[in-house]
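# Close look at the chain arrangement
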Amino acid sequence: MEREMERKKKKLVMVGNGMAGVRAIEHLLKLAPDAYEITIFGAEPHPNYNRIMLSSVLAGGADIKDIVLNDWDWYKDNGICLHAGHRVERIDTVRRTVTSDKGLTAEYDSLLIATGSDAFMLPLPGADKEGVIGFRDIKDCETMMETSKKYKKAIVIGGGLLGLEAARGLLNLGMDVTVVHINSYIMNRELDQAAGLMLQKELEEQGMKFLLRKNSSAIIGKKRVTGLAFTDGTEAEADLIVMAVGIRPNVALGVKANLEVKRGIVVNDFLETSEENIYALGECAEHRGITYGLVAPLYEQGAVLAKRLAGLETAGYAGSVTSTKLKVSGVDVYSAGRYDEPEGSRSLKYQDELDGVYKKLVLRDDKLIGAVLFGDTGDGAKLFSIIKSGESVKGREKELLLGAPLGAAGGSQDDRLAAMADDEIVCGCNGVTKAAIGDAVVNKGCTSLGEIKACTKASGSCGGCKPLVEGLLTLYAGDNAKTAVKEGICGCTTLDRDEIVAEIKRMGLKTVKETMNVLGWSNAEGCTKCRPSLNYYLGMLWPEEYADEKESRFTNERYHANIQKDGTYSVVPRIYGGVTSPSELKKIAEVAEKFDVPLVKFTGGQRLDLLGVKKEDLPKMWEELDMPSGHAYGKMLRTVKTCVGSTFCRFGTQDAIGMGIRLEKEFERMNAPAKVKLAVSGCPRNCAESTIKDFGVVAIDGGWELHVGGNGGVHVRATDLLCVVKTEDEVVEWAAAFLQYYREEATWGERTSQWVERVGIEAVKKGLESAEERKALYGRMRTTLDRIPDPWKEIVAEPELRKNFEPIAAAQTVSP
Ligand SMILES: Cc1cc2nc3c(=O)[nH]c(=O)nc-3n(C[C@H](O)[C@H](O)[C@H](O)COP(=O)(O)OP(=O)(O)OC[C@H]3O[C@@H](n4cnc5c(N)ncnc54)[C@H](O)[C@@H]3O)c2cc1C
Ligand SMILES: NC(=O)c1ccc[n+]([C@@H]2O[C@H](COP(=O)([O-])OP(=O)(O)OC[C@H]3O[C@@H](n4cnc5c(N)ncnc54)[C@H](O)[C@@H]3O)[C@@H](O)[C@H]2O)c1
Ligand code: SF4
Ligand code: FES
């Protein structure tokens, strides 16, 4: 009887054992488990694995064994015959058979071609030399890992998603990596120029080198590659060349079988090719003129095809809008839809070079059609859902650009998750909505990330949505959530901020390198998120012995100046309390004239900003100014803004200027988890805007109100009242205690507004209520401040340090 049943089953053969094809088979098995006798041919000698995660394997974040999606048993358990390591070479459409390179033939009733793509290899002279590879499969990944053990210099040709992920992985493997890109900025297929340049800067901070506008002409070397030549006559050395210049759909079988083939194998909305009973899907298929290179659309195709094969009614596949995210730890980049502002569109942009945030929305006819996010990609899923829905965003454009304000409903991550619409897509790769995750937790009893993944597939592909899925798990499951729903501070570690600080203290760790080693960082070199934060935590915990690691700081903090859009810098001398004198002004004017400073401007914090300064002029200017640094660049005390107070104003009740100058002198040079701004107003009219500052002082009759946790930036937040004190000494003592408490408790990168919002003002008050503890905090603040020198005094006096400001010769190319 069983045999009878088997005989009745139709034969489905699939060529290609990759991500798209196997996902379609999974759907089919759910819809019609007994409809087909399934045979799969796969050219690679592996079961189906997550190709996307090869980037993580290369970067040291996962093992090959961790990325298997369907293990050998899965095929057995589902009655599938898998021929792994068999490349199909021929389709006989008359006999309805396929034959592999190893001579194995299989008959089909229905044939599914899911052969994916190959890496496009530039046809350069010498491209067949040893050490020239693409990045597509496990073998390429293993070759790169092996090569890094023997060789040092790697070139990646192509600064797209794949090239940058390959380059990051090779850096982690200890190689010296240069990305050669043909365009004027990287990721030009996903980003506009502004975001591309910010990304390049960030990756340069991580140690990646770039050669832009370079067209390769030949691979140099005898048997093995030794370099790359360019059409402009220059060359660069290389022991390994990885080509990441795009992909080519694998259509050879289709061509041989006389199917209609253009760039890909042409299919209709039901994934049918030009030949009856032959289907194609995935990267090898061309639908409505488009071939895709990301999994989300391929999975959508799979869902339609599975229904078709199961004989169920289904709407056809209508094409997809895609979104991408770069999987390089420490860099948040998101792009969706039309980033390129097509004709008839308008765009809205926000750029904050200080915090490294850039956002762009592209609109057409009141609809959102594209988005680019850099530095803050939290709204990516929401914007993508809006793009896909095609809904009108009239009147909401700016709110969408800037995100929800802190403090208002929707400010915290939990609030944001709660406010998400049910149909908002949480996992872009697998098209899983918030409602589907809610259903998995509430109705299907999932209590861990793994269970949600098994149930919905969310987080099972690129993993980029993991934090959102974990957040929703906590939201829906509350205390029933099994996982430690905790995020490491970055992709290099699973430890969160508190665990790291506790371990540094407990084990007496003293350097960034030692901390990363001992605490088992997955990436030995760390990234731009963890290195500066560890540098901060170590300095905060061991103020007397820790030597600041300049290389763990961002450019602005390394050069003690703010880098501007055009690559020049700014000079902001410290002017205590915003009070200056004619002689000081004369000196500043003379220096500005002497060095041809193109722009002199008052900052929002009442200081003078000399803008457009060349890097090499910085030490000379500071030498001539002979004034302390205004620290207008780093995560430090910036300014103390003051009003004229009782000295001149008829409403003033206290000396706001004197108080402001005292506070600025007390805390200048203070580093912190994020920038810190203070203000002192002489009466409740609050002309210095004290109630949107990190620490704001407002004079009242007979005393001072002390306000904390304000912010006047993107996420405007009014302060909370901390306390009221009587004397100036008390103001200083409370300010020191509050700021040191923030230094010790907050997460690196967290403004006081976010920290106070997160822990609550009552917890802050409680932490500072004991006079003894306030004194101790003040003591620790002084110990720290007494050891921090003025950076420019040091640089001006030290010839070795001055050398860092000399112009750098364009490196990496040698003339023939
Ligand atoms: C390093 C890397 C990172 C990526 N990261 C992302 C990402 O973050 N997000 C994203 O959405 N996408 C990403 N992608 C792209 C994604 O992996 C692909 O879109 C997806 O794998 C395509 O699925 P597919 O089944 O069409 O092709 P594949 O997964 O390539 O599968 C095709 C399979 O068919 C086999 N095959 C080919 N010809 C034959 C034949 N004649 N006989 C037998 N077998 C054959 C191939 O060997 C291969 O195993 C990444 C790709 C790479 C390489
Ligand atoms: N995070 C992700 O989503 C992710 C990661 C890796 C790969 N992928 C996918 O894998 C596929 C392959 O990625 P890719 O980056 O190779 O393809 P791509 O086409 O996206 O990018 C190739 C880049 O190489 C550049 N280029 C082309 N010719 C060049 C030349 N001669 N010299 C120097 N640069 C040149 C192009 O300007 C382009 O920016 C894509 O479909 C991509 O979407 C996605
Ligand atoms: S805050 Fe009060 S004291 Fe200061 S300038 Fe305004 S009105 Fe005068
Ligand atoms: S967004 Fe890629 S796995 Fe969810």
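Residues numbered from 1 in each chain as written. Chains lettered and ligands numbered in written order. Predicted model: local features only at pLDDT ≥ 70, side-chain atom pairs only at ≥ 80, totals over all residues. Heavy atoms only, no water.

### Quick notes on unusual backbone geometry
For Gln606, which is not glycine, the phi dihedral falls at a positive 65°. Along the chain, the position of Gln606 falls in the loop between strand S30 (599-602) and strand S31 (608-613). Of note, Asn686 is a non-glycine position whose phi angle comes to about 60°, a positive value. (Helix = DSSP H or I, 4+ residues; strand = E, 2+ residues; numbered from the N terminus.)

### A look at the site of ligand 1
By nearness alone, 33 residues border ligand 1, and Glu44, Arg51, Arg136, Glu283 and Lys327 come closest of all. Interatomic distance of 2.9 Å between a backbone N/O atom of Ala43 and a nitrogen atom of ligand 1. Within the side chain of Arg136, a nitrogen or oxygen atom sits 2.7 Å from an oxygen atom of ligand 1. Protein contacts shield 92% of the accessible area of ligand 1, which totals 990 Å² for the unbound molecule. Here the element with the most residues in the shell around ligand 1 is helix H2 (residues 19-31); it accounts for three residues. Each of domain 1 (2-118 + 249-310) and domain 2 (132-245) gives at least three residues to the shell around ligand 1. (Near = heavy atom within 4 Å. Polar contact = N/O pair within 3.5 Å; in protein donor to acceptor, adjacent residues only side chain to side chain. Areas by Shrake-Rupley, 256 points an atom, 1.4 Å probe, with all protein chains shown as cover. Domains from an automatic or database assignment.)

### Structural notes on the sheet that holds strand S25 (residues 367-374)
If you trace the five strands from one edge of the open sheet to the other, you get S21-S22-S25-S24-S23, paired in antiparallel fashion. Among the strands making up the open sheet, the edge pair consists of strand S21 (323-325) and strand S23 (346-352). Each adjacent strand pair in this sheet contributes to an overall mean axis angle of 10°, direction not counted. Where strand S24 (residues 357-364) lies against S25, seven bridges are found, and the strand directions are antiparallel. (Pairing = 2+ DSSP bridges. Axes fitted to C-alpha atoms, helices over the stretch in contact; angles between N-to-C directions.)

### Details of the site of ligand 2
The immediate surroundings of ligand 2 are formed by 21 residues, with Glu165, Asn188, Arg189, Gly246 and Lys325 found nearest. Contact distances for ligand 2 include 2.5 Å between an oxygen atom and a side-chain N or O atom of Arg189. Within the backbone of Lys325, one N or O atom sits 2.8 Å away from a nitrogen atom of ligand 2. Looking at the shell around ligand 2, the element that brings in the most residues is helix H6 (residues 161-172), giving three residues. By residue class, the composition of the shell around ligand 2 is ten nonpolar, six polar and five charged. (Nonpolar A, V, L, I, M, F, W, Y, C, P; charged D, E, K, R; others polar.)

### Some remarks on the packing of aromatic side chains
If you walk through the whole model with that rule in mind, you get eight aromatic pairs. A centroid spacing of 5.5 Å and a plane angle of 10° characterise the contact between Trp622 and Trp792, whose relative ring orientation is stacked. Separated by 170 residues along the polypeptide, Trp622 in helix H21 (residues 618-625) and Trp792 in helix H28 (residues 791-797) bring together distant segments of the chain. Taking relative accessible area as the criterion, Trp622 reaches 4% and is therefore assigned buried. Relative to Trp755, the ring of Tyr741 has its centre 5.7 Å away and its plane inclined at 75°; by these criteria the two rings are edge-to-face. Highlighted residues: Tyr741 in helix H24 (residues 728-745) and Trp755 in helix H25 (residues 752-759), separated in sequence by 14 residues. We note that Tyr741, like Trp755, is buried. Among the aromatic residues, those joined into a cluster by ring pairs are Phe695, Phe738, Tyr741, Tyr742 and Trp755. The ring centre of Trp748 lies 5.0 Å from the NZ or CZ of Lys635, which sits over that ring. Lying across the ring of Phe651, Arg685 places its NZ or CZ 3.6 Å from the centre. (Phe/Tyr/Trp six-rings, centres within 6.5 Å; stacked < 30°, edge-to-face > 60°. Buried < 20%, exposed > 50% of the residue type's maximum accessible area, 1.4 Å probe, protein only. Lys NZ or Arg CZ within 6 Å of the ring centre and 35° of its normal.)

### Description of the pairing of S30
As paired elements, S30 and S31 share four bridges and run antiparallel to each other. If you follow Lys601 over to S31, its bridge partner there is Asp609.

### With respect to the packing of helix H20 (residues 582-594) against H21
Each packed pair of helices is defined by two parameters, the angle between the axes and the distance between the axes. The interhelical angle for the contact between H20 and H21, taken along N-to-C directions, is 155°, at an axis separation of 10 Å. Considered as vectors, H20 and H21 are oriented roughly antiparallel to each other. In this structure, the crossing between H20 and H21 has a hand that is right-handed. Seen from H20, the contacting residues are Lys587, Ile588, Val591 and Lys594; seen from H21, they are Met621, Glu624 and Leu625. Taken together, the residues of the contact of H20 with H21 break down into four nonpolar, no polar and three charged. (Parallel < 35°, antiparallel > 145°, perpendicular 65-115°, else oblique. Left-handed = near helix turned anticlockwise from the far one by under 90°. Contact = heavy atoms within 4.5 Å.)

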